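What follows is each chain in one-letter form.
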Amino acid sequence: MTATAAPPGAVAAAAPAARNPWAIAARRLWRNRIAMASLLLFALIVIVSLAAPLYAHDVAHVNPFAVNLNGITVVGGHTVPIMQQGGGVLKLGETPIGPTWDPGHYLLGADNLGRDVMARLLYGGRSSLEIGIGSALICCVIATVVALIAGFFGGMTDALLSRLMDLIWAFPVYLLAISISTVLLTSSGGLQIGPVHLVAGSMWLPTLIIAFIYVPYVYRPVRGQVLSVVNREYVQASVAQGASNLRLIFSEILPNVVTVVIVLFPLMIATNILTESALSFLSIGVQPPNASWGTIINDGQQLLYTRPWVSIAPGIMIVLTVLSLNVLGDGVRDALDPRAKLR
Amino acid sequence: MIGFVARRTLWTALVMFVITVLVFVIFFKIPGVDPARSLAGRNPSPQVLQEIRHQFGLDRPFPVQYLIMMKKLFITRDLVSYSNQGQLVVPEIAAATPATLSLVFGAAVIWVLLAIAMGVAAAVLRGTWLDPLLMILALIGISMPVFWLGEVANLITQAKLHQTFLFSWVPPLGYTPLSQNPLLWFEGLIIPWITLSILYIGLYARVLRGSLIETGNEDYVRTARAKGISERQVLLRHTLRTSMISFVSLFGLDFGVLVGGGALLTEVVFDIHGVGYLTYQSLSNLDLPVIMATVVYGAFFIVLANTLVDVGYAWLDPRVRIS
């Protein structure tokens, strides 16, 4: 698999040089300007989010997880308190400072606890992306393994596994996630599976819950693809050569179903980021003091009319991330399966 | 057809049974979770814990516990909320249902009409710059978290532009029952309806466009064109009609999910006290009896809706009955 992308100057006449289907797909994706632009946008969001500690320590000089009600900052050369008396519309109580548009001093203002919103936004992006990508990975791996087993062995195995998946899918996604999350969060001990212990505030809980609820969604198309290749001639040829079941599954069938998973992967990250933000908004996803885009929108709910940027900024980040992944997913599908474009 | 309905009904019953078992396992049997403590809400007294253990038969065998729970949910319907002074849970859910139905019905009307308009327009205008523009708009609609969109809508209609003629008609957040004041019911729901429908407009417009283009390549459509039927008639009588089959089945599923609890986020943002809002309130009080009841009733509604859709689908399309 030498899936190297063609140089930007490559013209259509040179196309026959690339025989490898992966190279052809990669080239097709490379030529799709909109898909490449969205990949660039997504990469940019990832890089910026990874740089969160750098921003917090070296640019903003804040601790985005500590309560900071007595803090001060500098705006236009004057020292001002972060929590301002009688700010906002009603001129009552304390209101956090609004956006200063100065990277060193509370660029997007502060939240109800006086914490730097910009720094939290970057850290929140890290959590959202980690959970989105992590759960998509776990979900796709589990779904693919189950689909390979069901499709390869067929018969009773297939019937049982497929019915099980149907049952999980019959359960509404959000209600399932809400039930599991509430129970795990109310128990002080977190989740105990054998030797593995996950504390209630662990990021692994939302990651695993989201991965679990979407397994049937990925399972269905992958199993369909396994069924369509399992009786092909090249698989039978391998059987005739005396290949073991494991070898058949991993060397003959898996490479021919993996495109389905690759097409679904960016879309699953997008779906999972949206699900994570919804759970966190309902305060049953990422737990304080950690932040994710969903929790920041939740924090900003009380400040909506006085300091709208606290809620608006993480929403914009979610829209940009999910949109770029959706466009990229469409591009990957078109590149791997040109016939799909007709549909 | 009768055989199909019988099989489908059996499957529905099985799914409902498994859902109750699954909910029971999640709420009572997850390792490391004390169900009495979970059910009791925040900081329970030892007496309350003792009472719950006795009432739910937590010292008795597993199947007995399950049966007691089901009896409390469906037969005696006397499950109480310990966080909320012994409020009966099931009547509380019934009282919240009209608000949820109002929200979802209105949104459904908007999203079906606009999605058909947008999907048809994009398919007809394929090849012009309007098609990609419409599809990008649809993608943006799909990519927005609904609770954030709702907050932005509130910011615009309740604060920034509320003083101007544009949005001065928008009443404060909340729900007015239809029987109490129809005009206020309508005005208060317009913004929530639009907010909830945007995601589905994008989703359905994309699906409809794809399906229209796909059926446009079918032989019978070519035959229709060869007969000399106008493009308008081809669209209305052939392609759109076929594409509506998948559209309608998708609609049934999403409608079920929204009534069954999926409208939760919209209800929270707009302060509409429906079933989803009830679930949300119980989340912040850790009021597990209410969450358990809303989850089971919501899931049941969704499963029923799915069954109805499948039966309707089989009635429309005989190929489905056999497979």
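Reading the values: the criteria
Residues numbered from 1 in each chain as written. Chains lettered and ligands numbered in written order. Predicted model: local features only at pLDDT ≥ 70, side-chain atom pairs only at ≥ 80, totals over all residues. Helix = DSSP H or I, 4+ residues; strand = E, 2+ residues; numbered from the N terminus. Buried ≥ 20, exposed ≤ 12 C-beta atoms within 10 Å, placed from the backbone. Contact = placed C-beta atoms within 7 Å. pLDDT = per-residue confidence, 0-100. Axes fitted to C-alpha atoms, helices over the stretch in contact; angles between N-to-C directions. Parallel < 35°, antiparallel > 145°, perpendicular 65-115°, else oblique. Left-handed = near helix turned anticlockwise from the far one by under 90°. Nonpolar A, V, L, I, M, F, W, Y, C, P; charged D, E, K, R; others polar. Pairing = 2+ DSSP bridges. Core = buried A, V, L, I, M, F, W, Y, C linked by C-beta atoms within 7 Å. Expected span 1.5 Å × (residues − 1).

Draft legend 1. Focus on the overall build of chain B. When helices and strands are tallied, chain B shows 14 helices and two strands. Projected onto the principal axes, the alpha-carbon positions of chain B cover approximately 80 × 60 × 40 Å. The 323 residues of chain B split such that 37% are buried. In chain B, the share of contacts with a sequence separation of at least 24, taken over all contacts with a separation of at least 6, comes to 69%.

Draft legend 2. Geometry of the overall build of chain A. Scanning chain A for helices and strands turns up 12 helices and six strands. By the burial criterion, 45% of the 343 residues in chain A qualify as buried. Contacts spanning at least 24 positions in sequence make up 66% of the contacts within chain A whose residues lie at least 6 apart.

Draft legend 3. Molecular detail of the confidence of the model for chain A. Residue and element names in this part refer to chain A. Across chain A, the average pLDDT comes to 83, with 87% of residues at 70 or higher. Of all the helices and strands in chain A, strand β5 (residues 191–193) carries the lowest mean pLDDT, 65, while helix α4 (residues 117–153) carries the highest, 94. Contacts for the low-pLDDT stretch residues 1–6, under 50 throughout, to residues beyond four places or in other chains number 12 contacts. Here residues 8–14 is a poorly scored stretch, pLDDT under 50, and it has zero contacts once near neighbours within four places are set aside; other chains count.

Draft legend 4. Broad picture of the packing of helix α9 (residues 233–240) of chain A against helix α10 (residues 245–281) of chain A. All names here are of chain A. Viewed as axis vectors pointing N to C, α9 and α10 meet at an angle of 150°, and their least axial separation amounts to 10 Å. Overall, the two elements α9 and α10 adopt an arrangement that is roughly antiparallel. In this structure, α9 crosses over α10, and the sense of that crossing is right-handed. Between α9 and α10, the contacting residues are Tyr234, Val235, Ser238 and Val239 on the first element and Leu248, Glu252 and Ile253 on the second. Class assignment of the residues belonging to the contact of α9 with α10 gives a composition of five nonpolar, one polar and one charged.

Draft legend 5. Quick look at the pairing of strand β2 (residues 78–81) of chain A. As paired elements, strand β1 (residues 72–75) of chain A and β2 of chain A share four bridges and run antiparallel to each other. By the bridge assignment, Thr73 of chain A is partnered in β2 of chain A with Val80 of chain A.

Draft legend 6. Structural context of the nonpolar core. Ranked by size, the top nonpolar core spans 166 residues in total, and within it Val218 and Met268 of chain A together with Ala293 of chain B carry the most contacts. Counting residues per element, this core draws most heavily on α4 of chain A, which supplies 16 residues. Sequence-distant contacts of Ala293 of chain B, defined by excluding residues within four places in its chain, comprise Leu73, Leu79, Val89, Val90 and Ile93 of chain B.

Draft legend 7. Spatial organisation of the interface of chain B and chain A. Chain B puts 46 residues into the contact, and the matching count from chain A is 41 residues. For the side of chain B that touches chain A, the elements supplying multiple residues, two or more each, are α1 (2–28), α6 (130–143), α7 (146–160), α8 (182–216), α10 (231–262), α11 (264–270), α12 (275–285) and α13 (288–316) of chain B. For the side of chain B that touches chain A, the per-class residue count stands at 33 nonpolar, 11 polar and two charged.

Draft legend 8. Just the environment of Tyr174 of chain A, in detail. Position of Tyr174 of chain A relative to the elements: it lies in helix α6 (residues 173–186). For Tyr174 of chain A and Ile210 of chain A, which are 36 residues apart along the polypeptide, the C-alpha to C-alpha distance reads 9.5 Å. Setting aside anything within four residues of it in sequence, one finds Tyr174 of chain A in contact with Gly261, Gly262 and Leu264 of chain B.

Draft legend 9. Seen up close, the packing of helix α5 (residues 89–124) of chain B against α12 of chain B. All names here are of chain B. Two elements in contact, α5 and α12, have axes whose closest approach is 7 Å; the angle formed by their N-to-C orientations is 125°. Taken together, the axes of α5 and α12 lie oblique to each other. Here Glu92, Ile93, Ala96, Thr97 and Thr100 of α5 lie close against α12, whose contacting residues are Val275, Gly276 and Leu278.

Draft legend 10. Fine view of α7 of chain B. With 15 residues, α7 of chain B should reach 21 Å at 1.5 Å per residue; the first-to-last C-alpha distance of 20 Å fits that figure. Those residues of α7 of chain B hidden inside the fold are in contact with α10, α11 (293–300) and α12 (309–336) of chain A together with α8 and α11 of chain B.

Draft legend 11. Seen up close, unusual backbone geometry. Residue Pro289 of chain A is reached from Pro288 of chain A by a cis peptide bond, and omega for that bond is 5°. For Pro289 of chain A, the position within the fold is in the loop between α10 and α11. If you check the backbone angles, Ser283 of chain A has positive phi at about 55° while not being a glycine. Structurally, Ser283 of chain A can be placed in the loop between α10 and α11. On the neighbour-count criterion, Ser283 of chain A (18 C-beta atoms within 10 Å) is partly exposed. For Asp271 of chain B, which is not glycine, the phi dihedral falls at a positive 60°. Residue Asp271 of chain B is classed as partly exposed on the basis of its C-beta count, with 14 C-beta atoms lying within 10 Å.

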